[in-house]
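Working through the structure, step by step
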Amino acid sequence: MPNENLFAALRAAFPNDLDAIAVDTADGLAYSWRDLERATAMIANLLVALKLPEGARVAVQVEKSVEAMLLYLATLRAGYVFLPLNTAYQKAEIEYFIGNAEPALVVCTQKNFGWVSKIAFQAGTRHVFTLNEDRTGSLLDRAAHRSDQHVPAVKQADDLAAILYTSGTTGRSKGAMLTHGNLLSNAQVLKDCWGWQEGDVLLHALPIFHVHGLFVAIHGALLNGSKMLWLDRFDPKTAIGKLPQATVFMGVPTLYVRMLAEPALDQDAARNIRVFISGSAPLLIETFNAWKERTGHTILERYGMSETIMLTSNPYRAEDGERRGGTVGFPLPGVGLRVVGDDGQELDAGEIGAIQVRGPNVFKGYWRMPEKTKEEFTGDGWFKTGDVGKVDARGYATIVGRSKDLIISGGYNVYPAEIEGYINEMPGVAESAVVGVPHPDFGEVGVAVVTAKTGEKLDGERIVAALKSQLANFKIPKRCFVVDELPRNTMGKVQKNLLRDAHKGLFG
Ligand code: MLC
Ligand code: AMP
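Residues numbered from 1 in each chain as written. Chains lettered and ligands numbered in written order. Predicted model: local features only at pLDDT ≥ 70, side-chain atom pairs only at ≥ 80, totals over all residues. Heavy atoms only, no water.

What follows covers the site of ligand 2. The environment of ligand 2 is formed by 16 residues, the closest being R302, S306, D387, K404 and N413. Between R302 and ligand 2, the recorded distance is 2.7 Å, taken from a backbone N or O atom to a nitrogen atom. K404 places a polar side-chain atom, nitrogen or oxygen, 2.7 Å from an oxygen atom of ligand 2. Protein coverage of the free-state accessible area of ligand 2, which is 500 Å², stands at 91%. Only β13 (300-305) and β20 (397-402) provide two or more residues apiece to the shell around ligand 2. If one sorts the elements of the shell around ligand 2 by residue count, β13 sits on top with five residues. Here the shell around ligand 2 is built from residues that sort into seven nonpolar, four polar and five charged. (Near = heavy atom within 4 Å. Polar contact = N/O pair within 3.5 Å; in protein donor to acceptor, adjacent residues only side chain to side chain. Areas by Shrake-Rupley, 256 points an atom, 1.4 Å probe, with all protein chains shown as cover. Helix = DSSP H or I, 4+ residues; strand = E, 2+ residues; numbered from the N terminus. Nonpolar A, V, L, I, M, F, W, Y, C, P; charged D, E, K, R; others polar.)

Written out as structure tokens, the structure is:
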């Protein structure tokens with residue numbers, strides 16, 4: 001039986017010249033393809049030596065670095081399941097993820113080792129290693145003694161490769177289980193759709209805890225044997241400075257907005273770019289137009305999810321159609337996308353309804369949540385995205401809203417229910433509502449509206465400060481208002497649309 005391990009496919013795409021540069025970092029380090037090959041073998045051999053059980057999860061909360069990417073690739077190579085965690089997550093969030101996923105190995109930064117290892121050991125994790133931004137830490141120390149030869153573990157397309165936690169509208173986060181087959185089939189489709197070609201160079205500026213930076217960007221470059229210019233963090237000036245050396249750039253809309261604010265962004269800076277790709281959040285038509293005017297390039301917008309990786313894309317080639325701002329383009333080859341009404345019946349072109357999808361890219365289910373998984377699929381096997389949209393007569397899909405109560409801020413998902421849960425626990429709080437309002441930088445940000453229990457006095461700033469010690473920074477509402485009562489409809493349900501309207505002009 002052929003080995004369907006994703007790593008094996010990525011490795012097979014390495015160029016013949018293994019001494020060529022695979023990754024260049026902003027601080028002047030260069031990694032050859034041979035370095036990638038050997039370092040992933042050494043880390044994979046370390047994982048093998050730990051005798052982790054079949055299907056073991058490797059949970060990783062470290063800053064972005066090339067070594068963090070090598071750890072991801074080594075986990076695939078050794079046949080274990082990678083579980084990336086945003087570095088913004090705080091104690092309670094990590095406690096939940098580790099408790100739920102029960103990883104056999106946790107890798108964290110030295111700075112967080114005390115509290116992360118305590119949580120991990122309490123959850124039954126056997127090994128906790130460290131990996132720091134400056135390439136120090138016990139993971140690499142231990143891997144340094146291992147052989148640099150390793151045959152990729154044999155995996156089938158249906159075997160798990162990664163678990164990505166995504167928050168839920170109710171209850172706790174769910175771990176989306178993605179298989180080697182999900183990831184590889186999607187990467188192969190994108191390689192063709194986006195015209196990856198010889199000589200391409202990717203400017204990698206996104207975090208690597210989520211689908212966009214971890215899968216779409218890294219798999220895209222590796223599967224094409226393309227060099228990456230690696231930025232550990234996004235800074236618009238640095239990114240613009242690197243653009244002339246790149247041919248492909250991927251970003252969430254906030255990255256485009258921040259680069260547009262720099263006078264240095266012009267046609268010359270973008271002269272070698274073949275394609276600018278945007279996704280993870282709606283790209284405003286103003287940004288799409290301003291980008292075209294300033295750089296001469298039409299951004300290609302695409303749409304995806306943690307549960308499905310990439311679903312749709314605007315056309316790359318002119319003969320396939322124009323890139324239409326405000327739309328997310330056509331379903332990718334192999335992806336089925338339909339828009340259904342309240343009765344579950346498919347709607348006609350132009351009609352707005354719930355978006356459902358299916359295809360080889362659609363995940364295997366939520367980790368240890370068979371009931372939740374069942375709820376999110378229709379009886380005939382389509383996944384309910386929670387997005388609301390339409391498909392026009394020419395086949396372009398547009399996302400017009402979400403049926404899930406979700407805020408997308410700077411490309412990160414924030415679930416109001418989670419934030420409200422924390423606020424409602426605070427002393428003196430009667431109830432709260434968190435809504436998303438437009439923001440010029442992040443697209444959308446959360447604003448909290450809170451009422452006090454009778455006789456209690458609350459201070460919005462203190463509520464925000466208290467949240468900061470409990471939750472990832474991007475989830476913190478940018479403002480908190482204390483009011484006498486929340487608007488309700490006749491059924492007693494809080495009218496979030498009225499709150500959104502009342503605060504929509506807050507950030508100009
Ligand atoms: C940072 N802050 C945010 C924020 N990021 N607030 C709201 N939303 C965000 N996304 C806040 C911090 O809390 C802090 O507030 C202040 O902004 C500065 O923090 P920072 O750490 O310096 O921010 P910065 O590094 O500039 O980060 C901004 C960013 C980052 C846009 C570069 O958010 C980012 O990398 N976003 C990309 C997310 C991404 O990759 N998404 C893909 C998901 S995959 P304070 O008050 O503490 O000062 C997916 C599927 C698909 O969705 O289709 O791709
Ligand atoms: P996540 O759960 O973080 O993977 O986020 C997935 C969600 O991001 C989708 O369900 C959409 O709501 C949203 N999304 C991704 N790409 C786009 C896009 N191009 N336009 C609008 N929304 C998007």
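What follows is about the pattern of salt bridges. If you walk through the whole model with that rule in mind, you get 27 salt bridges. Residue E54 is joined to K155 by a salt bridge in which the shortest nitrogen-to-oxygen separation is 3.2 Å. Taken together, the positions of E54 in the loop between α2 (33-49) and β3 (57-61) and K155 in the loop between α6 (138-143) and β7 (160-166) put the pair 101 residues apart, joining distant regions of the chain. A residue is classified by how much of its surface remains accessible, and E54, at 71% relative accessible area, is exposed. Judged by relative accessible area, which is 6%, K155 ranks as buried. Between D441 and R258 there is a salt bridge, with the nearest N and O atoms lying 2.7 Å from each other. A residue pair is termed long-range when its members are at least 10 positions apart, and D441 in the loop between β23 (429-439) and β24 (443-452) and R258 in helix α10 (residues 253-260) qualify at 183 residues. Overall, the relative accessible area of 31% leaves R258 in the partly exposed class. (Salt bridge = Lys/Arg side-chain N within 4 Å of Asp/Glu carboxyl O. Buried < 20%, exposed > 50% of the residue type's maximum accessible area, 1.4 Å probe, protein only.)

A few words on the site of ligand 1. By nearness alone, 22 residues border ligand 1, and R258, S280, R302, S409 and K478 come closest of all. R302 is positioned such that a nitrogen or oxygen atom in its side chain is 2.7 Å from an oxygen atom of ligand 1. For ligand 1, whose unbound accessible area comes to 1,000 Å², protein coverage reaches 72%. In terms of residues, the shell around ligand 1 owes the most to one element, β13, which gives three residues. Here the shell around ligand 1 spans two domains, and each of domain 2 (299-403) and domain 3 (406-503) adds at least three residues to it. (Domains from an automatic or database assignment.)

Counting buried residues along β7, seven of its seven residues qualify, which places the element largely inside the surrounding structure. Of the pairings in the sheet, the one linking β7 to strand β8 (residues 174-179) comprises six bridges and is antiparallel in character. Bridge pairing in β8 places I163 opposite M177. (Pairing = 2+ DSSP bridges.)

Here we come to the domain arrangement of the protein chain. Looking at the assigned domains, one finds that the protein chain contains domain 1 (6-20 + 31-192), domain 2 (299-403) and domain 3 (406-503). In this structure, domain 1 and domain 2 have C-alpha centres spaced 29 Å apart. Contact residues are listed per partner, giving 27 residues for domain 1 and 19 residues for domain 2. Contact between domain 1 and domain 2 buries roughly 1,900 Å² in total, counting both sides, with carbon and sulfur atoms accounting for 58%. Together, K174, M177 and N186 form the three largest contributors to the area buried by domain 1 at its contact with domain 2, with a combined 29%. Scanning the region where domain 1 abuts domain 2 turns up three salt bridges. (Contact = heavy atoms within 4.5 Å. Buried area = accessible area lost by both parts, 1.4 Å probe.)

Another point: unusual backbone geometry. Most peptide bonds adopt trans geometry, and most residues besides glycine take a negative phi value. Residues other than glycine seldom take positive phi values, yet S280 does so here, at roughly 85°. Among the secondary structure elements, S280 is positioned in the loop between β12 (275-278) and α11 (285-295). A positive phi angle is found at I309, which is not glycine, with a value near 55°.

Bringing the sheet that holds strand β17 (residues 353-358) into the picture now. Read across the open sheet, the four strands follow the order β16-β17-β19-β20; overall the sheet is antiparallel. Two strands lie at the open edges of the sheet, namely β16 (336-340) and β20, each paired on one side alone. Between one strand axis and the next, the sheet turns through 45° on average, direction left out of account. Bridge count between β17 and strand β19 (residues 383-391): four bridges; the pairing is antiparallel. Across the sheet, residue G353 finds its bridge partner in β19, namely G389. (Axes fitted to C-alpha atoms, helices over the stretch in contact; angles between N-to-C directions.)

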